[in-house]
Amino acid sequence: MHGFVNFIKPKGVSSNSALQAAKKKLNIKKAGHLGTLDPMAEGVLVLGINRGTKFSSFFLDGDKTYRAGITLGSSTDTDDAMGEIIQTSDIKKNKDEVEAELIQFIGKSMQNPPYYSALKHKGKPLYKYAREGVLISKPPRDINIYSIKNINIHNNLCVCDIHCSKGTYIRSIARDLGERLGTGAHLSSLTRLSQGVFNLDDAFSLDELNHESIISIESAFLNFDKLSLTQDETRLFLNGVRFSFEGQENTLFRIYDNDKKFLGLGEVWDSKLQLKRLV
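In what follows, the accompanying structure is described. Bear in mind the structure is a predicted one, so any value in this text is a computation, not a measurement. (Residues numbered from 1 in each chain as written. Predicted model: local features only at pLDDT ≥ 70, side-chain atom pairs only at ≥ 80, totals over all residues. Heavy atoms only, no water.)

Quick look at the nonpolar core
Applied cut-off: Here, nonpolar core means buried Ala, Val, Leu, Ile, Met, Phe, Trp, Tyr and Cys residues that are tied together by side-chain atoms lying within 4.5 Å of each other. The buried label goes to any residue with under 20% of its type's maximum accessible area, the exposed label to any with over 50%, and the partly exposed label to all in between, with areas taken from a 1.4 Å probe on protein chains only. Starting at the N terminus, helices and strands are each numbered in turn, a helix being any DSSP run of H or I of at least four residues and a strand any DSSP run of E of at least two. Any two residues whose heavy atoms approach within 4.5 Å at even a single point are treated as in contact.
Formed by 27 residues in total, the largest nonpolar core has its most connected members in Ile70, Leu102, Ile148, Ile162, Ile170 and Leu187. Within the residue set of this core, elements represented by two or more residues are strand 4 (64-72), helix 3 (95-102), strand 10 (141-154), strand 11 (157-164), helix 5 (170-181) and strand 12 (185-195). In this view, Ile170 contacts Tyr66, Ala68, Ile162, Cys164, Leu187 and Leu190; residues no more than four positions away in its chain are not counted. The next biggest cluster of nonpolar side chains, apart from the first, holds 15 residues, and it includes Val44, Ile217, Phe221 and Phe262.

Structural data, given as structure tokens:
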């Protein structure tokens, strides 16, 4: 009962509501989602279960992949379909023009977050200020768009798959695409296809959810290399003592004791092994 659930958040509910429904179905007390999805979005919502919640940061910092539907010709105050239309345009762009602008987003850049976001100002989310008519700008943030694939454009709808770094707002990409094209645009649909090692093809809906859906903490990090410690090294590791260790620098590892028991995650830094998180 410790680990993660690769959960499918349905469209039209908040991430917290989806989390509470999963907790009730599994009859567990402690759980948290590892990266929110807007109510209009659907797809992968990774849930940390009991001790799995301690490992949330390792997934919050991971890459994500989305299938985005971007409607050209109208802009909204929230940059997505949940908002009010604030501008429309009759300008038409052909497929080549749209695709040429879209692929310009690939690579590192600075992105302006939307006014309606969960980012905070003086402890209060920006979307609460925006609902009160106060629009607060946050400084642009470093993002990285690794790829934009499966681009499909029909009439005023552009659908594509975007692989991006943490902190990327797909709504902002839709908004900025509309500005570059001169047509205006907003995000009209969004599906999270993956988050780190978790993929939509392997995810569970609420109806499918049961205790067998829980992925162990160890299994969630099989993409990390394995390190086995001696008895003395295990004692030092469990007590949070850094000790000399030859290994790939600045790299996370799955750590095991000499009885092959999984202990948690460690990192080799400056030729020393240090504890990152215990199970």
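After that view, the rundown keeps rolling.
Quick look at the side chain of Arg254
Note the following rule: By the counting scheme adopted, Arg and Lys are positive, Glu and Asp are negative, and His together with the chain ends is not counted. The salt bridge definition used is simple: a Lys or Arg side-chain nitrogen within 4 Å of an Asp or Glu carboxyl oxygen. Polar contact criterion, stated in full: a pair of N or O atoms within 3.5 Å, where within protein one must be able to donate a hydrogen and the other to accept it, and residues adjacent in sequence count only if both atoms are side-chain atoms.
Examined against the element boundaries, Arg254 turns out to sit in strand 17 (residues 251-256). No salt bridge forms around the buried Arg254; measuring N to O, its nearest opposite-charge neighbour Glu218 is 4.6 Å away. Within the structure, Arg254 has its side chain in polar contact with the backbone oxygen of Phe221 (distance 3.2 Å). A polar side-chain atom of Arg254 sits 2.7 Å from a polar atom in the side chain of Tyr256. Discounting residues that sit within four places of it in the chain, Arg254 has contacts with Glu218, Phe221, Leu222, Phe224, Asp225, Lys226, Leu227, Phe262, Gly264 and Leu265.

Some words on the sheet that holds strand 17
Each strand in a sheet pairs with its neighbour through backbone hydrogen bonds, running either in the same direction (parallel) or in the opposite one (antiparallel). Heads up, the rule is: In this scheme, strands are said to pair when DSSP sees at least two bridges between them.
Within the open sheet, the five strands sit side by side as 15-17-18-19-16. Their pairing is mixed. Both outer strands of the open sheet, strand 15 (225-228) and strand 16 (243-244), are each paired with one neighbouring strand and no more. Across six bridges, the pairing between strand 18 (residues 262-269) and strand 19 (residues 272-278) is antiparallel. Bridging from a neighbouring strand, Gly264 pairs with Leu278 of strand 19.

Notes on the pairing of strand 18
Across the eight residues of strand 18, seven count as buried, placing the element largely inside the fold. Sheet analysis places strand 17 next to strand 18, joined by six bridges and oriented antiparallel. Within strand 18, the position partnered with Leu252 by the bridge is Glu267. What sits between strand 17 and strand 18 in their antiparallel hairpin is a turn of five residues, with Lys260 showing a positive phi close to 70°. From the end of strand 18 to the start of strand 19, which pair antiparallel, there are two residues, and Asp270 there has a positive phi angle of about 55°.

What about the packing of aromatic side chains?
Rule in force here: For this analysis, a ring pair means two rings from Phe, Tyr or Trp (six-membered ring only for Trp) whose centres lie within 6.5 Å, classed as stacked if their planes differ by under 30 degrees, edge-to-face if by over 60, and tilted for the remaining angles.
Inspection of every chain in the model, using the stated rule, returns 11 aromatic pairs. Ring plane angle 45° and centroid distance 5.7 Å describe the contact between Phe55 and Phe221, whose orientation is recorded as tilted. You can see Phe55 sitting in the loop between strand 3 (42-49) and helix 2 (57-60) and its partner Phe221 sitting in the loop between helix 6 (217-220) and strand 15, a full 166 residues away along the chain. Phe55 sits in the buried class, given a relative accessible area of 0%. By relative accessible area, which is 1% here, Phe221 ends up buried.

What to know about helix 5
Here is the rule we go by: What a helix is expected to span follows from its residue count: subtract one and scale by 1.5 Å.
Compared with the 16 Å implied by 1.5 Å per residue over 12 residues, the 17 Å span of helix 5 between its first and last C-alpha is a close match. Counting buried positions along helix 5 yields 10 of 12 residues, so the element is predominantly enclosed. Turning to helix 5, its buried residues are Ile170, Arg171, Ser172, Ile173, Ala174, Arg175, Asp176, Leu177, Gly178 and Leu181. Structurally, helix 5 contributes buried residues whose contacts are with strand 4, helix 3, strand 7 (107-111), strand 10, strand 11 and strand 12. Within two residues after helix 5, Gly182 carries a phi angle of roughly 80°, on the positive side.

Description of the side chain of Ser213
Here Ser213 shows up in the loop between strand 13 (198-199) and strand 14 (215-216). A residue is classified by how much of its surface remains accessible, and Ser213, at 2% relative accessible area, is buried. Residues contacting Ser213, with those up to four places away along its chain left out, are Phe4, Val5, Phe204 and Glu208.

Section: the pattern of salt bridges
Tallied over the entire structure, the rule returns eight salt bridges. Between Arg171 and Asp38 there is a salt bridge whose closest N-O contact spans 3.2 Å. Of the two residues, Arg171 sits in helix 5 while Asp38 sits in the loop between strand 2 (31-33) and strand 3, which places them 133 residues apart along the sequence. A residue is classified by how much of its surface remains accessible, and Arg171, at 6% relative accessible area, is buried.

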